[in-house]
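Listed below are the residues making up each chain.
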Amino acid sequence: MTVANLKTKQIYPGDGVRRVWEIPFPFIRAEHIRLWRVDERGRAVEKTAGFTVDETEKEVTYPVEDSLELPLQAGEYLVLERQTPLTQETDLKRQAALDAQGLEDALDANVLRAQELAEGLSRALKFPVQTQGNETDAAAYITQLTDVQASALSACGQAEQSAQQAADNAALCAQTAQESARLAVDAKAQVAQFQPQIESAKNAALQAQTASESAQAACDESRRQCVSAQQVCAAAQADVAASAQSVSTQAAQVQTLAAQSATAAEQAQNWASKTDGPVEGDVYSAKKYAQEAAQSAQNFRGLSIGMVVLSQSNLATDNPGCLPLWTGEYYANASTLYPDFYAWVKSHPELCKTKAEYDAAIATYGECPYYVADEVSGSLRLPKLANYIKMAGADGITQKGAGLPNITGSIDPYVDMNRNWSGALEVNKTAPTNPSGTSGNGNGSHVMFDASKSNAIYGAADTVQPAHTTLYPWVCAFNAAVPASTAQAAEFTGALAGKANATPAQSFINQSMAWGVPDYSAGVAVACPYTAPTAGLFVAFCTSGVDYITFGGVDIGMRFSANNHAAVFVQAGDVISVAGTGPATCHFFPLKGATNA
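Summary of the structure given here. (Residues numbered from 1 in each chain as written. Predicted model: local features only at pLDDT ≥ 70, side-chain atom pairs only at ≥ 80, totals over all residues. Heavy atoms only, no water.)

## Here's the deal with the overall build of the protein
Operational definition: Secondary structure counts use DSSP, requiring at least four H or I residues in a row for a helix and at least two E residues in a row for a strand, with both numbered from the N terminus. Only protein chains enter the accessibility calculation, which uses a 1.4 Å probe. A residue is then buried if its area is under 20% of the maximum for its type, exposed if over 50%, and partly exposed in between. Residue contacts are defined here by distance: any two heavy atoms, one from each residue, within 4.5 Å place the two residues in contact. Per-residue and other accessible areas follow the Shrake-Rupley method at a 1.4 Å probe size, with only the shown protein chains counted as cover for residues.
Counting secondary structure elements, the protein contains eight helices and 25 strands. Counting across all 597 residues of the protein, residues that qualify as buried make up 25%. Considering only intrachain contacts with a sequence separation of at least 6, the fraction spanning at least 24 residues in the protein is 63%. Accessible surface, the protein: about 39000 Å² in total, of which carbon and sulfur atoms supply 55%.

See below:
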């Protein structure tokens, strides 16, 4: 067998009903198929019983009816995987016959093992390419990760302890502030107690100098006590500010540690799975490199630009990177779509012809093996290989018209011609005697003609038909990992470039095609009612009277009179007809490439 399928495993979601599962990848024996049941929490359990493998239908039945197991429920998954044993069972004997099938089976088994190893490696964590051989100690690496984890947990514990200490300090500061406030209130109360004494001193001063001096002394003492109270308040405020600053500093340290932990976690996540850009410098994540490797392996076919290959499939999906060579396809913006292929064509002038020469070859031979490249517009027309293909000789690519080998034969000119005959001619000596009036010995001969005696191809077929096998020729246009959607989008943009500013001579007038009569050579004459086979344009021309269009028997209100056209777009399956007072000529124009609605 050939091994063109790269898959080694398949994951199916459960639905509570399904028991039969397709095996979408090649395998050699049923015992090479392994099966896991994964529950809704992601826990996988390998199944060694309770299922069967049908090698002919390539499908697995799980769970079997008599296993007493329930089908996979929603949220559960079934994983089918191929694991080819790492053994070699092909034994080549000296001087013995070389069994081609045995060699192919051994080669297939090696390819299957390589695919399985590649799939397993795609899920593995690899050291960087610059890593030395003595630096790939997985146990030491795991120990480092464990140490880092322990350090992180220790840092988190210290941060938590520091935060608790900061909270305790803040509570103590709050208590100190409350005590300072109480002292300030007491000081104010003391000032209030001395106020009557001050008043008495003032009164005594008016009465006598002695009493005044005594009162002044009392006032000085009161002021001293006030200053002392202010100093106590200031000290309390300083303590509160210092404690608050300490709390703020510790909180900032905790935030810094938390930010560093978050940054480290984010960096680790980026190294594992970031795909929208490099993680550091020009180095990308493991997932990014795995995706690029998988994409490169999927798109690489090992073909050179310009290489022609013959395929049994006419589908572009089965021939990635290639363009058809049997349709004479035209690409208006080939230099943009396929720049490498376009440059290759331009580098081979012996493969290029002018448009006139191309059209002449099509008219003469029904095909043309050359390209038509337009440097100004960047367009390219591919060859059209429609007839029998022979190997090119020393003179390169040539064309010849249809022909047949010559028919030859000879007979010596005697009356009795039963001798010296060759090629496509023969005689029968039992033929009648010579006609009257001729000379001879009376032994006439009957001359017969059979072209197959000259060449065996005559009579081998009802028509001229060389021996052949029908295959589809393709040419490699790109061999890099270019998604098909990119080329399709560019082709679509180029196709619209010449139409963006195109405006008909006049707009729709009375719902008719007012800019002229359509080119009916591109359409198909149809009779009404008509069921559209694909999406397209339905056009009707009224010769007399007034007509209107119906969809599925419903009048859509589109009236058009004699010598006018009406056009509507339809989808596949639409039933459309024309009714009214006059006859109408109808045509259908299918959309290019349309196959359904």
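## Here we look at the sheet that holds strand β19 (residues 530-531)
Rule in force here: Should DSSP find at least two bridges between two strands, the strands are taken to pair.
With antiparallel pairing, four strands are arranged side by side in an open sheet as β19-β24-β21-β22. Both outer strands of the open sheet, β19 and β22 (554-561), are each paired with one neighbouring strand and no more. With two bridges joining them, β19 and strand β24 (residues 575-580) adopt antiparallel strand pairing. Paired with Y530 across the bridge in β24 is I576.

## A word on the pattern of salt bridges
Selection criterion: Within this document, salt bridges are pairs made up of a side-chain nitrogen of Lys or Arg and a carboxyl oxygen of Asp or Glu, the two lying within 4 Å of each other.
Per the counting criterion, the structure on display carries eleven salt bridges. Here K9 ties to E119 by a salt bridge, and the two come within 3.0 Å at their closest N and O atoms. Separated by 110 residues along the polypeptide, K9 in strand β1 (residues 9-13) and E119 in helix α1 (residues 100-122) bring together distant segments of the chain. A residue is classified by how much of its surface remains accessible, and K9, at 26% relative accessible area, is partly exposed. Relative accessible area serves as the criterion here: at 15%, E119 is assigned to the buried category. Across the pair K47 and E69 runs a salt bridge whose closest N-O atoms are separated by 3.2 Å. With K47 in strand β4 (residues 44-47) and E69 in the loop between β6 (59-61) and β7 (77-82), the pair connects residues that are 22 residues apart, well separated along the chain.

## Observations regarding α1
Spelled out, the test is: By this rule the span expected of a helix is its residue count minus one, scaled by 1.5 Å.
End to end, α1 covers 33 Å across 23 residues, agreeing with the expected 33 Å (1.5 Å per residue, within 8%). Inspection of α1 places G102, A106, D108, A109, L112, R113, Q115, E116 and E119 among the buried residues, and these make up the whole buried set. Contact partners of the buried residues in α1: β1 and β7.

## Focus on the nonpolar core
What counts is decided by this rule: By nonpolar core is meant a set of buried Ala, Val, Leu, Ile, Met, Phe, Trp, Tyr and Cys residues that side-chain atoms within 4.5 Å join together.
Ranked by internal contacts, the top residues of the largest apolar core, which has 22 residues, are L323, Y331, Y338, F341, Y371, L380 and L382. Within the second largest apolar cluster, 16 residues are counted, among which are C542, I549, A566 and I576.

## Topic: the pairing of strand β21 (residues 546-551)
In this sheet, β22 lies alongside β21 in antiparallel orientation, the contact comprising five bridges. If you follow Y548 over to β22, its bridge partner there is R559. In sequence, β21 turns back onto β22 through a hairpin of two residues, with G552 there showing a positive phi of about 60 degrees. Sheet analysis places β21 next to β24, joined by five bridges and oriented antiparallel. Its bridge partner lying in β24, D547 is registered against G580.

## Re the pairing of strand β20 (residues 536-542)
Most of β20 is tucked away, with six of its seven residues classed as buried. Here β20 pairs with strand β23 (residues 564-570) via seven bridges, running antiparallel. Note that in β23 the partner of A540 across the bridge is A566. Note: β20 against strand β25 (residues 584-590), seven bridges, orientation antiparallel. Paired with F541 across the strands is T585, a residue of β25.

## Here's the deal with helix α6 (residues 339-346)
To keep it simple, the criterion reads: The directions considered for the arc are those from the helix axis to the C-beta atoms.
Those residues of α6 not exposed but buried are F341, Y342 and V345. Axial view of α6: buried residues confined to an arc of 100 degrees, hence all on one face. Contacts from the buried residues of α6 go to β9 (322-324), α5 (334-337), β11 (372-374), β12 (379-381) and β17 (472-476).

## Looking at the side chain of N270
Locating N270 in the fold gives a position in helix α3 (residues 209-273). The buried category is assigned to N270, whose relative accessible area is 19%. Those residues within four positions of N270 in sequence are excluded, and the remaining contacts are V279 and S285.

## Section: the sheet that holds strand β8 (residues 308-311)
Defined as follows: Only the stretch in contact is used when a helix axis is fitted, and all axes are lines through C-alpha atoms; the angle between N-to-C directions ranges over 0 to 180 degrees.
Pairing within the open sheet is antiparallel, and its three strands lie in the order β8-β17-β9. If you trace the sheet from one side to the other, it starts and ends with β8 and β9, each paired once. Shown here is a sheet whose adjacent strand axes are inclined to one another by a mean of 40 degrees, direction ignored. Inspection of the sheet shows β8 paired to β17 by four bridges, in the antiparallel sense. When the sheet's bridge partners are listed, V308 is paired in β17 with V475.

## Some thoughts on unusual backbone geometry
Most peptide bonds take the trans form, and the phi angle of most residues other than glycine is negative. Cis rather than trans, the peptide bond between Y62 and P63 has omega equal to -10 degrees. Relative to the assigned elements, P63 resides in the loop between β6 and β7. A cis amide bond links C528 with the next residue in sequence, P529, at an omega value of -5 degrees. Within the fold, P529 resides in the loop between β18 (524-526) and β19. Phi angles above zero are rare outside glycine, and K58 is one such case at about 55 degrees. Looking at the element boundaries, K58 is found in the loop between β5 (52-54) and β6. Taking relative accessible area as the criterion, K58 reaches 37% and is therefore assigned partly exposed. Its identity is not glycine, yet L68 carries a phi of approximately 65 degrees, on the positive side. Tracing the backbone shows L68 in the loop between β6 and β7.

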